[in-house]
Protein chains: 2
Amino acid sequence: MSKLSVLPKADLLPILSRAALFRDFSPGELIEVLEAGQPRCIEESSFFFQQGDPASRLYVLTDGRVRLSQVTVDGQQVILRVIVPGQMFGAIGLTQPEALYPVSAEASEDSQALAWETGVFRRLCENRPGVSFDLMGMMTSYIQEMQDRYRELATERTEQRVARALLRLAAQLGRKVEEGVLVDMALSRQSLAEMTGTTLYTVSRLFSKWERRGVIQTGRERVVIVKPHDLVQIVEGLAE
Amino acid sequence: MSKLSVLPKADLLPILSRAALFRDFSPGELIEVLEAGQPRCIEESSFFFQQGDPASRLYVLTDGRVRLSQVTVDGQQVILRVIVPGQMFGAIGLTQPEALYPVSAEASEDSQALAWETGVFRRLCENRPGVSFDLMGMMTSYIQEMQDRYRELATERTEQRVARALLRLAAQLGRKVEEGVLVDMALSRQSLAEMTGTTLYTVSRLFSKWERRGVIQTGRERVVIVKPHDLVQIVEGLAE
DNA sequence: ATAGTTCTTTGCGCCAGCGCAAAGAGGAAA
DNA sequence: TTTCCTCTTTGCGCTGGCGCAAAGAACTAT
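It should be emphasised that the depicted structure is a prediction, and the values quoted were computed from it without experimental measurement.

1. Description of the overall build of chain A
Inference 1: Scanning chain A from terminus to terminus reveals nine helices and 12 strands.
Inference 2: Whereas a compact globule of 240 residues would reach a radius of gyration of roughly 18 Å, chain A reaches 19 Å, a difference of no more than 12%.
Inference 3: Along the first, second and third principal axes, the C-alpha set of chain A runs to 55 × 35 × 30 Å.
Inference 4: Taking all 240 residues of chain A together, the buried fraction comes to 39%.

Laid out in structure tokens, this is it:
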């Protein structure tokens, strides 16, 4: 199952150049950045870092899928974000060198990333005033997303939130297949529950209902959205 | 009731210098920043800006209290944040000049702020590389707070969340009084419900219970925390 | 194959919290 | 003082969603 073949650096370049963070880097500068980073390979269900580790590195995912999650004192998990190749994560140490990671970064399949020591990365950026601006822009967007999701969690019914989560995942990692749009990652009922503040039982019951109506098709850790428009209706509270 | 006396600029200086954002500005630079800003006075329950307005300015509150909130399509409010003097708000336009404010900024009492055109402010910062770093640091902290609150909303019971909200408010705007720590703002059951994703009825019932036990004392839009430690126990789920 | 593990489904009972309704209480304005 | 408005309290009934339990399904390893 493991595809532990390490990607050669040559293959990383196009991935980095697609990353929003590096969008106005020249090819030469990109290579410089690339050389300064350390490739990391992590197997499924292992961690790039865990909540409470010193935040000494920041990462850009180059292959796989990563879940950023927190655990509560009594052991419940909450998934805050899913990372796909090209996205940055673990950047907190950039501004707060003494900080600990407030989340864990778990590979939900075998994954690879480039890692930079925060100090090294900070120096790489210092010559490029645009980068901190881009970083601020990314943070701003994420703040907005978190605010939206906070509002949804505070005001919407479980069914709407789960439908919304599916649409968000489809937008981020949807892949067109025969029957509709596949959410292209291993996605258990449990995971989706941890993304939406509900339980695996409720997600399972919703899936059963939606599948009966032909809105989605599901399998073990697999969801295909057949009628996205129907999910939108559910989100808007038009379908009961 | 209105204290519409405008603060003279001389009084603004010490407030600005307390603002985290300007902490390493020299007095001369601070005056320059101050002169570039426009003072704004807003009466209770009016708005500095509303959700959907073009994000053309950013603000630092100099007097009063401001609630940052979103409204849902069906009219429910969610309060995301309370702003006290010295804090910045509405900074989204700084990185995304075309953006619209994603929240409304409502004065919960007569309030005053300094406002800068985003373009002007950006130019003020360009000479000072430290500022964008400080801004990033503030954003990072806020992201962490939102993540924590998201987790709490997703996993904790209503009673715990309301207790937590009180402790947060006390930390931000607590004032020592005879009986304990007063949450120093007009705080209705409704507002607290909008901060914690519950209803005014449930908050009222919790207040009644806690008051019976002597944990808090309440009045109309007024809360005094008598036994903070008991609230901490409730947060930790030790007291039912 | 076979056994073991993990994920999923669904019946059932339960209860935390919602929300209406109606009465009460506190301030502000005239 | 009286009126008006807003905020607060509490009884009551209801229900969305939780969570156990147990069976079934899908995948993995030997």
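Moving on from the model shown.
2. Some words on the relation of the copies chain A and chain B
Inference 1: Laying chain A over chain B is done by rotating through 180° and shifting 0.0 Å along the axis; what remains is an RMSD of 0.0 Å. What we have between these two chains is a two-fold relation.
Inference 2: Here 100% of the contact residues of chain A are again contact residues in chain B; the copies associate through an equivalent surface.

3. Focus: the interface of chain A and chain B
Inference 1: Opposite the 28 residues of chain A that make contact, chain B presents 28 residues.
Inference 2: At the level of secondary structure, the elements contributing two or more residues to the side of chain A that touches chain B comprise strand 5 (77–83), helix 3 (92–95) and helix 5 (129–155) of chain A.
Inference 3: Of the residues forming the side of chain A that touches chain B, the biggest block, 18 residues, is contributed by helix 5 of chain A.

4. Here's the deal with the protein's contact with DNA strand C
Inference 1: What surrounds DNA strand C is a group of 22 residues, the closest being Ser188(A), Ser204(A), Ser208(A), Arg157(B) and Thr202(B).
Inference 2: Counting residues per element, the ones that place at least two in the surface near DNA strand C are helix 7 (189–196) and helix 8 (200–212) of chain A together with helix 6 (158–173) and helix 8 (200–212) of chain B.
Inference 3: Top contributing element to the surface near DNA strand C by residue count: helix 8 of chain A, with six residues.
Inference 4: Looking at side-chain class alone, the surface near DNA strand C contains five nonpolar, 10 polar and seven charged residues.

5. Focus: the protein's contact with DNA strand D
Inference 1: Around DNA strand D, the surrounding shell holds 22 residues, and the nearest of these are Arg157(A), Thr202(A), Ser188(B), Ser204(B) and Ser208(B).
Inference 2: Breaking the surface near DNA strand D down by element, the ones donating at least two residues are helix 6 (158–173) and helix 8 of chain A together with helix 7 (189–196) and helix 8 of chain B.
Inference 3: Counting residues per element, the surface near DNA strand D draws most heavily on helix 8 of chain B, which supplies six residues.
Inference 4: Its residues assigned to classes, the surface near DNA strand D comprises five nonpolar, 10 polar and seven charged.

6. Some remarks on helix 9 (residues 228–235) of chain A
Residue and element names in this part refer to chain A.
Inference 1: What helix 9 keeps buried is the set Leu231, Ile234 and Val235. Along helix 9, the residues classed as buried sweep out an arc of 100° about the axis, all on the same side.
Inference 2: Looking at the packing, one finds that the buried side of helix 9 touches helix 6 and strand 12 (222–225).
Inference 3: Glycine 237, located one to two residues past helix 9, shows a positive phi value of around 75°.

7. A short note on the sheet that holds strand 6 (residues 88–89) of chain B
Across a sheet, strands are paired by hydrogen bonds formed along the backbone, either parallel or antiparallel in direction.
Residues and elements named next belong to chain B.
Inference 1: The four strands lie next to each other as 1-8-3-6, forming an open sheet whose pairing is antiparallel. Either end of the sheet is taken by a strand with one partner, and the two such strands are strand 1 (38–42) and strand 6.
Inference 2: In this sheet, strand 6 lies alongside strand 3 (residues 57–63) in antiparallel orientation, the contact comprising two bridges. Opposite valine 60, over in strand 6, you have methionine 88 as the bridge partner.
Inference 3: Relative to the sheet, helix 4 (residues 118–126) contacts strand 3 and strand 8 (111–117), its axis offset from that of strand 8 by approximately 75°.

8. With respect to the environment of Thr140(B)
Inference 1: In this structure, Thr140(B) sits in helix 5 (residues 129–155).
Inference 2: Beyond its immediate sequence surroundings of up to four residues, Thr140(B) is in contact with Ile92(A), Thr95(A), Gln96(A) and Met139(A).

9. What about the packing of helix 6 of chain A against helix 9 of chain A?
Residues and elements named next belong to chain A.
Inference 1: It is the contact of helix 6 with helix 9, at a shortest axis distance of 8 Å, that shows an interaxial angle of 140°. Considering their axes alone, helix 6 and helix 9 lie oblique with respect to each other. By crossing handedness, the relation of helix 6 to helix 9 is classed as left-handed. The segment helix 6 lies against helix 9, with Glu159, Gln160, Ala163, Arg164, Leu166, Leu167 and Ala170 engaging Pro228, Leu231, Val232, Ile234 and Val235.
Inference 2: Classifying every residue of the contact of helix 6 with helix 9 by side-chain character gives nine nonpolar, one polar and two charged.

10. A short note on the pairing of strand 8 (residues 111–117) of chain A
Residues and elements named next belong to chain A.
Inference 1: Counting buried residues along strand 8, five of its seven residues qualify, which places the element largely inside the surrounding structure.
Inference 2: Note: strand 3 (residues 57–63) against strand 8, six bridges, orientation antiparallel. Its bridge partner lying in strand 8, tyrosine 59 is registered against alanine 115.

11. Observations regarding the pairing of strand 7 (residues 104–107) of chain A
Residue and element names in this part refer to chain A.
Inference 1: A two-sided burial pattern is seen for strand 7, the buried positions comprising Ser104 and Glu106 on one face and Ala105 and Ala107 on the other.
Inference 2: Relative to strand 7, strand 2 (residues 47–49) runs antiparallel, the two sharing two bridges. Bridge pairing in strand 7 places phenylalanine 47 opposite glutamate 106.

12. Details of the packing of helix 1 (residues 9–18) of chain A against helix 2 (residues 27–36) of chain A
All names here are of chain A.
Inference 1: At their nearest, the axes of helix 1 and helix 2 sit 10 Å apart, and the two run at 115° to each other. Crossing handedness for the pair helix 1 and helix 2: right-handed. When helix 1 is examined against helix 2, the residues Lys9, Leu12, Leu13, Leu16 and Ser17 are found in contact with a partner set consisting of Leu30, Val33 and Leu34.
Inference 2: For the contact of helix 1 with helix 2, the residue count by class is six nonpolar, one polar and one charged.

13. Things to note about the domain arrangement of chain A
All names here are of chain A.
Inference 1: Here chain A is partitioned into domain 1 (9–153) and domain 2 (157–235).
Inference 2: Computed from C-alpha coordinates alone, the two centres of domain 1 and domain 2 are separated by 26 Å.
Inference 3: Taken together, the 11 residues of domain 1 in the interface contact 11 residues of domain 2.
Inference 4: Mapped onto the side of domain 1 that touches domain 2, the elements with two or more residues apiece are strand 5 and helix 5.
Inference 5: Taken together, the residues of the side of domain 1 that touches domain 2 sort by class into five nonpolar, three polar and three charged.

14. Notes on the sheet that holds strand 10 (residues 180–183) of chain A
All names here are of chain A.
Inference 1: The sheet built from four strands is open, its strands ordered 9-10-12-11 with antiparallel pairing. The strands lining the two open edges of the sheet, one partner per strand, are strand 9 (174–177) and strand 11 (216–219). For this sheet the average axis-to-axis angle between neighbouring strands, irrespective of direction, equals 25°.
Inference 2: Across four bridges, strand 11 lies against strand 12 in antiparallel orientation. Bridge assignment links glycine 219 to a residue of strand 12, and that residue is arginine 222.
Inference 3: Here helix 6 sits on the sheet and contacts strand 9, strand 10 and strand 12; the angle it forms with strand 10, its principal contact strand, is near 90°.

What counts as what
Residues numbered from 1 in each chain as written. Chains lettered and ligands numbered in written order. Predicted model: local features only at pLDDT ≥ 70, side-chain atom pairs only at ≥ 80, totals over all residues. Helix = DSSP H or I, 4+ residues; strand = E, 2+ residues; numbered from the N terminus. Rg over C-alpha atoms; globule rule 2.2 N^0.38 Å. Buried ≥ 20, exposed ≤ 12 C-beta atoms within 10 Å, placed from the backbone. Least-squares fit on C-alpha atoms with pLDDT ≥ 70 in both. Contact = placed C-beta atoms within 7 Å. Near = placed C-beta within 6 Å. Nonpolar A, V, L, I, M, F, W, Y, C, P; charged D, E, K, R; others polar. Arc of directions from axis to C-beta. Pairing = 2+ DSSP bridges. Axes fitted to C-alpha atoms, helices over the stretch in contact; angles between N-to-C directions. Parallel < 35°, antiparallel > 145°, perpendicular 65-115°, else oblique. Left-handed = near helix turned anticlockwise from the far one by under 90°. Domains from an automatic or database assignment.

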